[in-house]
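# Examining the three-dimensional arrangement
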Amino acid sequence: MSSICNSCNYSFVACLQLPLIDVAIQTGVTQKLHIEASDTIKKDKEAEEHFRTVESQFLRFLSVARRSYSSARVDRVTYIVNPQSVQEYNAMKETFRAENKEVTERYGFHGTRQENISSIFHNGFKVGGRDVHATHGTRFGHGVYLSTTPAIADRYSPGRGPTKLMIMAKVVTGLSSDCGELKDGYDSYVGPFHDDHDIIIVARHKEQVLPLYSVEYTLRS
């Protein structure tokens, strides 16, 4: 366990400006970086990069959903690196490579109750219908459900008031099916939810999905 810097509550390794993912792997300790929305360029380049990554994915794929919103913005991003989850995710990528499968990665949004978010970052995702009860069913098969557009994830992110939370994660799809559901012999389903603009991802194994960002956002129709 590394020492903690009193000025920032991160390990001294993090204070040396190493990428947070390297800090997490070296120390074996989950690292967090809270990033507020700002109209100025952040001095912390990593913070700026992560916020802009989330914001661009959120707004870009929100527009693809072909819905109109009076207000849509990312208010705050928490970048969370769990070293165990990173190692499991990287091991899954190596497994796919060994099986001569394409290692294609995507970003996906996951909506859930706020009380579940901390557990997901601490323990990883669980497969609905197998590891836990599938609250919203298994229409496309048993797996971890995400969407490429936050408009779909927002439906499953209950919250009071306009400000809500969802997760943005990395997904490695492996051999993917687009035939209406996650079929036997495939690692994921990537296809339309209601129409061609609402794409969902169903990952067969929880290790295929790496939760990285807790996204606090405002979305008004």
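Everything discussed here concerns the structure shown above.
Predicted model only: the values in this text are computed from it and were never measured.

This part covers the packing of helix α2 (residues 20–27) against helix α4 (residues 83–98). Following both chains from N to C, one finds α2 and α4 inclined at 100°, their axes separated by 9 Å at the closest point. As judged from the angle between their axes, α2 and α4 are roughly perpendicular. Within the contact between the two elements, α2 uses Ile 21, Ala 24 and Ile 25 and α4 uses Pro 83, Val 86 and Gln 87. Across the contact of α2 with α4, the residue classes tally to five nonpolar, one polar and no charged.

Let us look at helix α3 (residues 45–64). Spanning 20 residues, α3 covers 28 Å between terminal C-alpha atoms, matching the ideal 28 Å at 1.5 Å per step. Listed in full, the buried residues belonging to α3 are Ala 47, Glu 48, His 50, Phe 51, Val 54, Gln 57, Phe 58, Phe 61 and Leu 62. Where α3 is buried, its residues contact β1 (31–36), β2 (71–81), β3 (105–110), α6 (150–154), β5 (163–172) and β9 (209–220). Two to three positions downstream of the cap, the backbone nitrogen of Glu 46 sits 3.0 Å from a side-chain oxygen, assigning the N-cap of α3 to Asp 44.

Attention now moves to the nonpolar core. One broad rule of soluble globular proteins: the nonpolar side chains tend to lie buried together. Core analysis: the largest hydrophobic core is formed by 29 residues, its most contacted members being Phe 58, Val 77, Tyr 79, Met 166, Tyr 213 and Val 215. Sorting the residues of this core by element identifies α2, β1, α3, β2, α4, α6, β5 and β9 as the ones contributing at least two each. When residues of this core are assigned to their parent elements, the largest contribution, six residues, is made by β9. The residues contacting Tyr 79, other than those within four sequence positions of it, are Leu 20, Ile 21, Gln 31, Lys 32, Leu 33, Glu 46, His 50, Leu 212 and Tyr 213. One finds Ile 117, Val 144, Leu 146 and Val 171 within the second-largest nonpolar core, a separate group that totals 15 residues.

Let us now look at the pattern of salt bridges. According to the stated counting rule, one finds 13 salt bridges in the structure shown. A salt bridge links Arg 76 to Glu 36; the nearest nitrogen and oxygen atoms lie 2.9 Å apart. Remark: Glu 36 occurs in strand β1 and Arg 76 occurs in strand β2; sequence separation between them is 40 residues. For Arg 76, a relative accessible area of 29% translates into the label partly exposed. One salt bridge in this structure joins Glu 99 and Lys 101, with 2.9 Å as the shortest N-O distance. A relative accessible area of 42% places Glu 99 in the partly exposed class.

So, on to the pairing of β5. Taking burial as the measure, the 10 residues of β5 include seven buried ones, the bulk of the element. One ladder, built from six bridges, connects β3 with β5; its direction is antiparallel. Bridging across to β5, Tyr 107 finds its partner in Lys 170. As paired strands, β5 and β9 are joined by nine bridges and run antiparallel to one another. From the neighbouring strand, Val 171 faces β9, where its bridge partner is Val 209.

With that settled, consider empty space enclosed by the protein. Regions of empty space are outlined by a rolling probe, equal in size to a water molecule, passed over the atoms. Under the criterion given, the structure shown has one cavity of 30 Å³ or more. When its volume is computed, the largest cavity comes out at roughly 60 Å³. Taken together, Ser 85, Glu 88, Asn 123, Gly 124, Phe 125, Lys 206, Glu 207, Val 209 and Pro 211 make up the full set of residues lining the largest cavity. Elements supplying a minimum of two residues to the lining of the largest cavity: α4 and β9. Tallied by class, the residues present in the lining of the largest cavity amount to three nonpolar, three polar and three charged.

Each value, and the rule that gives it
- Residues numbered from 1 in each chain as written.
- Predicted model: local features only at pLDDT ≥ 70, side-chain atom pairs only at ≥ 80, totals over all residues.
- Heavy atoms only, no water.
- Axes fitted to C-alpha atoms, helices over the stretch in contact; angles between N-to-C directions.
- Helix = DSSP H or I, 4+ residues; strand = E, 2+ residues; numbered from the N terminus.
- Parallel < 35°, antiparallel > 145°, perpendicular 65-115°, else oblique.
- Contact = heavy atoms within 4.5 Å.
- Nonpolar A, V, L, I, M, F, W, Y, C, P; charged D, E, K, R; others polar.
- Expected span 1.5 Å × (residues − 1).
- Buried < 20%, exposed > 50% of the residue type's maximum accessible area, 1.4 Å probe, protein only.
- Polar contact = N/O pair within 3.5 Å; in protein donor to acceptor, adjacent residues only side chain to side chain.
- Core = buried A, V, L, I, M, F, W, Y, C linked by side-chain atoms within 4.5 Å.
- Salt bridge = Lys/Arg side-chain N within 4 Å of Asp/Glu carboxyl O.
- Pairing = 2+ DSSP bridges.
- 1 Å grid on protein atoms, 1.4 Å probe; cavity = no way out; pocket = protein on both sides within 12 Å on 5 of 7 lines; lining within 4 Å.
- Points joined across faces, edges and corners; volume = space filled by probe spheres on them.

None of the figures reported here should be taken as evidence of function without further support.
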